[in-house]
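Reading the structure
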Amino acid sequence: MSLKSERRGIHVDQSELLCKKGCGYYGNPGWQGFCSKCWREEYQKASPISRQVSIETDRVSKDFCDFLKTYHKPGQEIYKQCKLFLEAMHHKRDLSIEEQSEYTQDFYQNVADKLHARWKVSPEKVEMAMDQIEKYIMTRLYKYVFCPETTEDEKKDLAVQKRIRALHWVTPQMLCVPVNEEIPEVSDVVVKAITDIIEMDSKRVPRDKLACITSCSKHIFTAIRTTKNEPASADDFLPTLIYIVLKGNPPRLQSNIQYITRFCNPSRLMTGEDGYYFTNLCCAVAFIEKLDAQSLNLSQEDFDRYMSGQASPKKQEPESWSADMCVGVRQMYRNLDLLSQLNERQERIVSEAKKLERDLIDWTDGVAKEVQEIVEKYPLEIKPPNPALAAIDSENVENDKLPPPLQPQVYAG
């Protein structure tokens, strides 16, 4: 087979790579065949309702329309009100996020009141309708109102994330968490709880984010109940939730909390298990932000050392290991204990080295001071050199009375 025929299957005509608007630049499938410049122009001209939307948005729209068909005439009015609301929100993007939130909450309340008063819809069907309305409008508004640049949400996210990283040393015992992760069933449930709280950030609808929080909380109650062999109490729940948040360090935690607070259906936050679990999550985050030595029953000195990384809490001692603990876990604890001992030894060595350095500096300064004092007390005097001695057989101009030098005498034999 020739090289030409081998390449025929992957050949792409250059005209297919260009912007379909004919501007001469290369297009991109992500921009529907337009170049970046033409895509921005087309995107700005389109209305917020008729814009090209993602597959998820298309699916949500179809589900919403199918749902409204069961409401007949009220459904048509609901769809009309939602379209008007989205158009209005498009023109309100220059407003603060608090004003947009207030406008959204008013819209929720007005639609719910109309369903109750005008169309006499049952409370159960009103709740179902409000959930679908929230899903429909927030799927479209998500990228504009979640963590907007005009707020400090991102700054708060980074601060909380940094704070949680600094608290990586906090143990369940310090928080009085009634969960034993050495039990395989409990360990699996804890992992599921952490997964749920992390997954919250991937959701776009406030109700779906709340569902992740609720699922996480139910897993926490399961872990407590499995460990204690008795029903879990509310007093056990909050410390365990704090521990799960510290262990999972969920991304954009503050942004998600603010997003739910601003744009979730208010009736869902005010009552029910979703509202209860969300309130506990807010309390857990507030506790983490203000956590101090007293909160963990530690001395301020130990707390500061742990926070700075100079030391770590003592790990579980071998005597307290359960008989059924697996070999891998035992070895892990031994390694952790060894690392802790090595860390303490390193701290002592560094401390002694710094002390030696200070002593050497003090000794050098002392010697220099003593030398300076001696030099000042006995200053160095430089005297001129002594004159050179004259040769013995040279002429002595100062004393000519000396006898002449002896001359050799020759005697005849």
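See the structure above.
Residues numbered from 1 in each chain as written. Predicted model: local features only at pLDDT ≥ 70, side-chain atom pairs only at ≥ 80, totals over all residues. Heavy atoms only, no water.

1. Overview of a nonpolar patch on the surface
- On the surface, a cluster of nonpolar side chains totalling about 390 Å² of accessible area is made up of W363, V367, V371 and V375.
- Assignment of secondary structure puts V375 in helix α16 (residues 327–377).
- A relative accessible area of 48% means that V375 is categorised as partly exposed. (Patch = residues over 30% accessible without salt bridge, like charges linked within 9 Å, V, L, I, M, F, W, Y side chains within 5 Å. Areas by Shrake-Rupley, 256 points an atom, 1.4 Å probe, with all protein chains shown as cover. Salt bridge = Lys/Arg side-chain N within 4 Å of Asp/Glu carboxyl O. Helix = DSSP H or I, 4+ residues; strand = E, 2+ residues; numbered from the N terminus. Buried < 20%, exposed > 50% of the residue type's maximum accessible area, 1.4 Å probe, protein only.)

2. What about a negative patch on the surface?
- A cluster of acidic side chains, namely E98, E99, E102 and D106, defines a negative patch on the protein surface.
- Looking at the secondary structure, you find E98 in helix α6 (residues 97–117). (Lys, Arg positive; Asp, Glu negative; His and termini not counted. Charge placed at Lys NZ, Arg CZ, Asp CG, Glu CD.)

3. Quick word on the side chain of D131
- Tracing the backbone shows D131 in helix α7 (residues 123–145).
- Given the relative accessible area of 10%, D131 is considered buried.
- Setting aside residues up to four positions removed in sequence, D131 forms contacts with R207 and R268. (Contact = heavy atoms within 4.5 Å.)

4. Some thoughts on the state of the cysteines
- Per the counting criterion, the structure on display carries zero disulfides.
- The structure places no disulfide on C65, whose sulfur is separated from the nearest cysteine sulfur, that of C82, by 9.9 Å.
- Using a relative accessible area of 32% as the deciding quantity, one classes C65 as partly exposed. (Disulfide = S-S within 2.5 Å.)

5. As for the side chain of T214
- Its place among the elements puts T214 in helix α10 (residues 206–228).
- Taking relative accessible area as the criterion, T214 reaches 5% and is therefore assigned buried.
- Once you skip the residues sitting within four places of it in the chain, T214 turns out to touch E273, D274 and Y277.

6. Structural notes on helix α12 (residues 253–263)
- Judged by how many residues are buried, α12 sits mostly within the fold: nine of 11 residues are covered.
- Listed in full, the buried residues belonging to α12 are L253, Q254, S255, N256, I257, Y259, I260, R262 and F263.

7. Focus: the packing of aromatic side chains
- By the definition in use, this model includes 18 aromatic pairs.
- With centroids separated by 5.1 Å and ring planes inclined at 50°, the aromatic side chains of W169 and Y306 adopt a geometry described as tilted. Taken as a pair, W169 in the loop between α8 (153–166) and α9 (184–199) and Y306 in helix α15 (residues 300–308) lie far apart in primary sequence, 137 residues in all. Across the pair, Y306 and W169 agree in class, each one buried.
- Here the aromatic cluster, defined as three or more aromatic residues joined through ring pairs, consists of F85, Y103, F107 and Y108.
- Across the ring face of W119, the terminal group of R118 is positioned such that the distance to the ring centre comes to 5.3 Å. (Phe/Tyr/Trp six-rings, centres within 6.5 Å; stacked < 30°, edge-to-face > 60°. Lys NZ or Arg CZ within 6 Å of the ring centre and 35° of its normal.)

8. A word on α6
- Under the 1.5 Å per step criterion, the end-to-end length of α6 is 30 Å for 21 residues, consistent within 8% with the ideal 30 Å.
- Of all the positions in α6, only I97, Q100, S101, T104, Q105, F107, Y108, V111, A112 and L115 are classed as buried. Buried residues of α6 fall within an arc of 150° about the axis and therefore sit on the same side.
- Close packing links the buried residues of α6 with α5 (73–91), α7, α12 and α13 (266–270). (Expected span 1.5 Å × (residues − 1). Arc of directions from axis to C-beta.)

9. What to know about unusual backbone geometry
- With a phi angle near 60°, C176 is a residue other than glycine that sits in the positive phi range.
- Along the chain, the position of C176 falls in the loop between α8 and α9.
- The backbone of N297 sits at a positive phi, close to 60°, despite the residue not being glycine.
- Given a relative accessible area of 68%, N297 falls into the exposed group.

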